[in-house]
Amino acid sequence: MRRMFLSVIFALLALPRGALSQSSNQDSTIAELQRQLEEMRSQMAKMQNRITELEEAKGSAAVTKPSLDSILPQSQIRSAQAVRPQRDEAKSPEEATAFRYKGITLTPGGFLESTILVRARNENADMANSYTTIPLNGSSNANLSEFRGTVRNSELSLMIQGSLGSTNLKGYVETDFLGAAPTANYLESSSWTPRLRQMWVQFDRPSGWTITLGQMWSLLTTNRQGIANLTELRPGGEDGNYVVGFTWTREKAVRVTRNFHDKVWAALAVEDPESTYSAAFVPSNVMGLNTSANAASGVNLLPFLANYSNGQATTLAPDLLAKLAFEPGWGHFEIKALGRFFRDRIASTVTTKGHTNVTEGYGVGFGALMPFVNKKLEVSLEGLLGQGIGRYGSSGLPDVTLDPATGAMRPLRQAWIMGGVIYHRTSRLDLYAYGGDEYIGRYAFVSPTGTAAGYGSSLIDYTICTNEVALNACNGANRNIYEGTVGYWYRLYGGEHGRIEQGNQILYMHRNLWSGIGGAPRGGDIVVYSTLRFYLP
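Residues numbered from 1 in each chain as written. Predicted model: local features only at pLDDT ≥ 70, side-chain atom pairs only at ≥ 80, totals over all residues. Heavy atoms only, no water.

Visitor: Which residues make up the environment of Leu230, and what values do they have?
Guide: Structurally, the position occupied by Leu230 is in the loop between strand S7 (209-217) and strand S8 (250-260). The exposure class of Leu230 is buried, given its relative accessible area of 6%. Taking the C-alpha atoms as reference, Leu230 lies 9.1 Å from Met216; in sequence the two are 14 residues apart. (Helix = DSSP H or I, 4+ residues; strand = E, 2+ residues; numbered from the N terminus. Buried < 20%, exposed > 50% of the residue type's maximum accessible area, 1.4 Å probe, protein only.)

So, in structure tokens, the structure goes:
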């Protein structure tokens, strides 16, 4: 309509000047009219130039301004789309398909994945690398490679959205197939069981308060935006354990978040606890560990029960977490805090009185996401340091060691850092690189019998680790683990039928042990992934 109006005006203005002067009354009125027409021509020319500038700017923004799909790593696009409010409007082929049912909106999501991976050194693992057990140089596994093909990393999800008055309600469930029943194997049927990743409900008030309950990514995990579920800043690679130095768990939690005008966010959470220990000497009659006598009784769901959890101690109280996030107009920045509790017990005997030991751990950390070049380049950096924080790192380092005299759990000093770069080369191609390092301090004791105790003792004897057979049994306390990785995701197809992406990744990871008697062995591994993913429409 605006263009038609302008065309008519310009047609009138384009009339020959003489056509107005042919009237029999060529007086000052006509001269004044011609002057006004000249002014109108000038004003309309300026308006047309301004319209042209605005249209050119709009077209340029459509080309250069990244869409949500180009800003997010391809592996995270689907989850972010699901959390968008559903409106009664036409959707682009890239947006999630939603269904209405009795006043609620259902948004299915996920992807089907087929991956081939090759390890230069055998870890007897699947998608997830075993950082703390990287084969030591010279061992049998260091002389054997590993080839795997798997579809177990495929994910399925469902977002449920509705409202109760002015309160927005969300429910979310997400699963993959990295679970394993006791009989699951690759021998014949490859019958891997579904595994719960996330399941939570959320109440979002217009006042800025949000309450989330269920199983979700830890509050310590850095977010891309605010402090919102499904905006976690996850590494964009294919490794099931992500990257060394990445801070995360997925646990049962209760989280309360406050949004201050989309500039500052604050959150508190209580999350389900668990702990692991590593000790060269375990005193007699320690109870509360997954190898203790009391672990043999009780129901199979107790978290410290052997063969049902990697956790290794009874739990006393939830982990306490807090986070502040800032978005001052450029980038996203976070500071984080963690408090933990550990407990075990020395059982009473005929000659000794029993007692329960309680110790504490803590952690402080940061996270940052910094965009450059009109968001085509994203730089991320995060880290955490403290004591007793091992479970929150990708490497799976232990939280505590044991005092050989009292049996008390002694939190280990730890620190890690991870950095990443994602380059959105085109709307189809993302290139990425990550690097990280996790360090754990030694906490050495001498046992009552004069042998090594605690963690990282210099009394550990490595002198026997001189041949392949001896190296197969040789082990010690990890000192630090680091990794570097590069890869890409390329979108082969994107439309109303879904999205197909192909990605390759190569990584190198290295493991160092604390020194002892003789030179401490070390190990490294190179892993190559190749993946094809089909994202549901």
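Let us keep going from here.
Visitor: Tell me about the pattern of salt bridges, residues and numbers included.
Guide: Enumeration according to the criterion identifies 20 salt bridges in this entry. Of the charged contacts in the structure, one is a salt bridge between Lys252 and Glu251, with a shortest N-O distance of 3.5 Å. Residue class for Glu251 comes out buried when judged on its relative accessible area of 16%. Across the pair Asp319 and Arg340 runs a salt bridge whose closest N-O atoms are separated by 3.2 Å. Taken together, the residues Asp319 in strand S11 (residues 319-326) and Arg340 in strand S12 (residues 332-346) connect sequence positions 21 residues apart. Taken individually, Asp319 and Arg340 each receive the classification buried, so the pair is uniform in this respect. Here the salt bridges do not stand alone but share partners, grouping Glu251, Lys252, Asp272, Asp319, Arg340, Arg391 and Asp399 into one network. (Salt bridge = Lys/Arg side-chain N within 4 Å of Asp/Glu carboxyl O.)

Visitor: Can you break down the packing of aromatic side chains residue by residue, with the values?
Guide: This model, assessed by the stated rule, comprises 14 aromatic pairs. Centre to centre, the rings of Tyr242 and Trp248 are 5.1 Å apart; their planes meet at 80°, and the pair counts as edge-to-face. The interplanar angle of 70° and the centroid separation of 6.2 Å between the aromatic rings of Tyr439 and Trp514 together place this pair among those described as edge-to-face. With Tyr439 in strand S18 (residues 429-440) and Trp514 in the loop between strand S22 (498-513) and strand S23 (522-535), this residue pair connects regions lying 75 residues apart in the sequence. For Tyr439, a relative accessible area of 27% corresponds to the partly exposed category. Relative accessible area serves as the criterion here: at 11%, Trp514 is assigned to the buried category. Each member of the aromatic cluster is reached from another via a ring pair, and the members are Trp217, Tyr242, Phe246 and Trp248. Over the ring of Trp514 we find Arg479, and its NZ or CZ is 5.0 Å from the ring centre. Over the face of the ring belonging to Phe111 we find Arg533, whose NZ or CZ atom lies 4.3 Å from the ring centre. (Phe/Tyr/Trp six-rings, centres within 6.5 Å; stacked < 30°, edge-to-face > 60°. Lys NZ or Arg CZ within 6 Å of the ring centre and 35° of its normal.)

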